[in-house]
Amino acid sequence: MIEEVRLDDLIILQRGFDITEKEQKSGCVPVISSGGISSYHDEFKVKGPGVVIGRKGTLGKVYFTSENYWPHDTSLWVKDFKGNDPKFIYYLLQVLHFEKFDAGAANPTLNRNHIHSLKLKVPKKQYRSKIASVLSAYDELIENNKQRIMLLEEMTEEIYKEWFVRLRFPGYEKSNFFNNEDEKVAHGTKGALPGNWQQVKISDIFNTSSGGTPSRTNEAFYIEGNINWVKTKELLGSFVFSTEEKITENALKNSSAKIFPPHTILMGMYGGVHGEGRKSTLGQLGILTESASTNQACCAFLPKMKEDYSFPYLFHYLKSKQTDFLNLSMGAAQQNISQDIIKNSAYLKPEVNILKKFELIEIPLFEEIKVLMQKNQLLQQTRDLLLPRLISGKLSVEHLVEEDEAGLSLAAEPEVNYQAIK
């Protein structure tokens, strides 16, 4: 099932094409750079499907596109697939870890001439498309779930805006609205609120707290830890599950880290930049799915009165104020906001029974988002286990090819012997 080849027996890579922001015109053609899709243009350089890898900066990251595209100068693109399934090449390149082939000095750079001569052991050609179809089945399920999550998130946000921005909550027609001088006004009057709603400070409703970082000099604080420890780069505007690092009970006792309960909302107070999208963590939010600790750059919101708390409402309210927090941020080298700024910020306190009605609608939607995210984590983990084993031939697809030749079809989510994978 396996044969030994050079990379240039399978594909030919080509350096991308330079284009400045000024030269780009509004369009729908993705410009793919070393960090992924960086912008859209009205002209393409290469017909899809295509595979692109980061050449400069973000080294070796692999991207697939089914559309026509413009590969940026910071990337390498597959000029010739030599009859191979583009999706198989996409998966193959992911396991080659091109970051090891840095040929740059200050700025990481990938030289195509260095990697063309790489010797590889790959599945024979008759099995490559089947391997791609198995892995694609997982990617398609993940993408479908992402689309469902996005629609649910849009739905929850639209309900929030309807009720608490446009103030069209249930029964608003019969409510009395007042301005800042407590004069009765019509619904829709700027600054008007229902009579039993209040404009207060965040500190009137919540205590705020940050965490801490156990000493890095004591490795035992992090080895075999079982307490989730959240960093700001893990605040991605949704639920927080298992964290990258975990700390021990001893680390908790010997640091300023604290345990926060499930459904606590966390907000990033520092403006570090993380991830492919290069997004600042300042003002970014996360919702704990289980008890967890955090570093000192996370602000946790702890309700003073249980009846005043609705995590979906607080999440949407803080999200609507992200721009305000960014404008209030301080610091030259790194933007940041303090807990004092957060505590003194305005907070709209709706009537409790409206908040409870809102929860009855929103919490099931948030739970559905959480379930879909958990499904995607499992699918991603399975795909990541399958990928190197399928590409290396350790997990055979011969029986699947034979089934196809016999006229049998592959299920949308392939059945896999998970013991064999492990």
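Please read all numbers here as calculations on a predicted model, not as lab measurements.

Visitor: Please provide a residue-by-residue account of the side chain of Asp 8, values included.
Guide: Turning to its location among the elements, Asp 8 is positioned in helix 1 (residues 7-10). When its relative accessible area of 16% is taken as the criterion, Asp 8 is described as buried. The contacts of Asp 8, once residues within four sequence positions are left out, are Lys 82 and His 116.

Visitor: Any details on the sheet that holds strand 2 (residues 12-15)? Residues and values, ideally.
Guide: What the four strands build is an open sheet, ordered 2-8-5-6; its pairing is antiparallel. At either margin of the open sheet sits one strand with a lone partner, and together these are strand 2 and strand 6 (62-65). Put simply, the sheet's adjacent strands are angled 35° from each other on average, direction ignored. In this structure, strand 5 (residues 50-54) lies alongside strand 6, joined through four bridges in antiparallel fashion. Considered in strand 6, the bridge of Val 51 is made with Phe 64. Helix 2 (residues 86-94) rests against strand 5, strand 6 and strand 8 (75-80) of the sheet, and its axis sits at about 165° to strand 6.

Visitor: Any details on the state of the cysteines? Residues and values, ideally.
Guide: Per the counting criterion, the structure on display carries zero disulfides. Between Cys 298, a free cysteine, and Cys 299, which holds the nearest cysteine sulfur, the sulfur-to-sulfur gap is 8.9 Å. Owing to a relative accessible area of 1%, Cys 298 belongs among the buried residues under this scheme. Taking relative accessible area as the criterion, Cys 299 reaches 0% and is therefore assigned buried.

Visitor: Explain the pattern of salt bridges to me, and be specific about the residues and the numbers.
Guide: Per the stated rule, a full pass over the model turns up 20 salt bridges. Here Glu 157 and Lys 319 are joined by a salt bridge, their closest N and O atoms 3.1 Å apart. Of this pair, Glu 157 sits in helix 4 (residues 125-164) while Lys 319 sits in helix 7 (residues 311-320), and the two are 162 residues apart along the sequence. In this structure, the salt-bridge partner of Glu 367 is Lys 370, at a minimum N-O distance of 3.4 Å. Taken together, the positions of Glu 367 and Lys 370, both in helix 10 (residues 352-392) and three residues apart, correspond to about one turn of that helix. Note on Lys 370: relative accessible area 14%, which makes it buried.

Visitor: Could you give an account of the environment of Asn 176, naming the residues involved and the relevant values?
Guide: Structurally, Asn 176 can be placed in the loop between helix 4 and strand 10 (177-178). Through-space distance from the C-alpha of Asn 176 to that of Glu 359 is 23 Å; in sequence the pair is 183 residues apart. Apart from residues no more than four positions distant in its own chain, Asn 176 is found in contact with Lys 184, Leu 193, Pro 194 and Gly 195. Among the polar contacts made by the side chain of Asn 176, one reaches the side chain of Lys 184 at a distance of 3.2 Å.

The rules behind the values
Residues numbered from 1 in each chain as written. Predicted model: local features only at pLDDT ≥ 70, side-chain atom pairs only at ≥ 80, totals over all residues. Heavy atoms only, no water. Helix = DSSP H or I, 4+ residues; strand = E, 2+ residues; numbered from the N terminus. Buried < 20%, exposed > 50% of the residue type's maximum accessible area, 1.4 Å probe, protein only. Contact = heavy atoms within 4.5 Å. Pairing = 2+ DSSP bridges. Axes fitted to C-alpha atoms, helices over the stretch in contact; angles between N-to-C directions. Disulfide = S-S within 2.5 Å. Salt bridge = Lys/Arg side-chain N within 4 Å of Asp/Glu carboxyl O. Polar contact = N/O pair within 3.5 Å; in protein donor to acceptor, adjacent residues only side chain to side chain.

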